[in-house]
Amino acid sequence: MALESRITQEEIKKEPEKPIDREKTCPLLLRVFTTNSGRHHRADEFARGNVPSSELQIYTWMDATLKELTSLVKEVYPDARKKGTHFSFAIVFPDLRGKVYRLKDIGNTLSGRKGADDSMTLQSQRFQIGDYLDIAITPPNRAPPINPRMRPF
C-alpha cells in the first residue's frame, strides 16, 4: 500500500522556519542571473557547466526574503529602481534524473509597492545551496510577459 502526500503551496508557506542568527551563521554565496527582457533565461543556458553572462554574486542567508533580494539587485542596476519595475524570481536547479537544469517560479515583487510574495524566503521555497536564482526584470513601461503556462483562451 503506497501513501501519497498532498501538500499544497499554502501549507509549505505555513511551515515554521528555523530562525537564522545572522551574527553566528556564515552567509552563503547566491549566484543570481538577471535579464532585462522580462523573461527568464532558458534552462539549457545552464547546461554543461555554462551559465549566462549576467551574473551577480550575493552573500546572503537562507532566510533572505524576495524583497530583500530585490533591494540588493536595485543597488547594482539603477534602472531597476524605478517605481513599478517588476521582478520575477525563479530557482534554477539540476534535475536529478538527468544532466539538465529546471526552473521553478517562486514569486514576484514590484518596486515601490508591497506584494504578497515580498516576505517569501529562499528557505520556504526549498532553495538548496548550489542552486542558482534567475530574476527576470521588467521595466515599468512594459507589462510583464504572459506566463507561458497560462493560455490566453
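This is a predicted model, so every value here is computed, not measured.

Peer 1: So what about the environment of F46? Which residues, and what values?
Peer 2: Tracing the sequence through the fold places F46 in the loop between β1 (28–35) and β2 (55–60). Looking at F46, the relative accessible area reads 1%, which means it is buried. Separated by 48 residues in sequence, F46 and P94 have C-alpha atoms that sit 9.1 Å apart. Excluding residues that lie within four positions of it along the chain, F46 makes contacts with F33, H41, V51, P52, V92, Y101, Y132 and D134.

Peer 1: How would you summarise the sheet that holds strand β3 (residues 86–94) if you had to cite specific residues and measurements?
Peer 2: Strands in a sheet are paired, the pairing made by backbone hydrogen bonds, and the direction either parallel or antiparallel. Read from one edge to the other, the open sheet built from five strands follows the order β2-β1-β5-β3-β4, with strand pairing classed as mixed. Two strands bound the open sheet, and with one partner strand each, they are β2 and β4 (101–110). Averaged over all adjacent pairs, the angle separating strand axes in this sheet is 30°, with direction ignored. The sheet contact formed by β3 and strand β5 (residues 132–138) spans seven bridges and is antiparallel. Bridging from a neighbouring strand, F89 pairs with I135 of β5. Sitting on the sheet, helix α2 (residues 66–76) is in contact with β1, β2, β3, β4 and β5, with an inclination near 85° to β4.

Peer 1: Could you give me a rundown of the side chain of S111, with the residues and numbers involved?
Peer 2: Structurally, S111 can be placed in the loop between β4 and β5. The class for S111 is buried, based on a relative accessible area of 1%. A distance of 3.2 Å separates a polar atom in the side chain of S111 from a polar atom in the side chain of K74. If near-sequence neighbours (up to four positions away) are discounted, S111 is found in contact with K74, A80, R81, K82, K83, G84, T85 and F87.

Peer 1: Residue-level account of the side chain of T34, with values.
Peer 2: On the secondary structure map, T34 appears in strand β1. Residue T34 is classed as buried on the basis of its relative accessible area, which comes to 6%. A polar contact is formed between the side chain of T34 and the side chain of Y77, at a distance of 3.2 Å. Here T34 is in contact with H41, S54, L56, Y77, I135 and I137, once residues within four sequence places are set aside.

Peer 1: So what about the pattern of salt bridges? Which residues, and what values?
Peer 2: Side chains that carry opposite charge are capable of pairing whenever their charged atoms lie near each other. In this structure the tally under the stated criterion is eight salt bridges. A salt bridge links D95 to R102; its shortest N-O distance comes to 2.9 Å. Residue D95 is classed as buried on the basis of its relative accessible area, which comes to 9%. Residue classification places R102 among the partly exposed residues on the basis of a relative accessible area of 40%. Through salt bridges with shared partners, a single network forms among R22, D63 and E68.

Peer 1: Requested: an account of the pairing of β4, with residues and values cited.
Peer 2: Looking at chain direction, β3 and β4 are connected through nine bridges and run antiparallel. Bridge assignment links I91 to a residue of β4, and that residue is K104. Taking the residues that link successive antiparallel strands as the turn, the β3-β4 hairpin has six residues.

About the thresholds
Residues numbered from 1 in each chain as written. Predicted model: local features only at pLDDT ≥ 70, side-chain atom pairs only at ≥ 80, totals over all residues. Heavy atoms only, no water. Helix = DSSP H or I, 4+ residues; strand = E, 2+ residues; numbered from the N terminus. Buried < 20%, exposed > 50% of the residue type's maximum accessible area, 1.4 Å probe, protein only. Contact = heavy atoms within 4.5 Å. Pairing = 2+ DSSP bridges. Axes fitted to C-alpha atoms, helices over the stretch in contact; angles between N-to-C directions. Polar contact = N/O pair within 3.5 Å; in protein donor to acceptor, adjacent residues only side chain to side chain. Salt bridge = Lys/Arg side-chain N within 4 Å of Asp/Glu carboxyl O.

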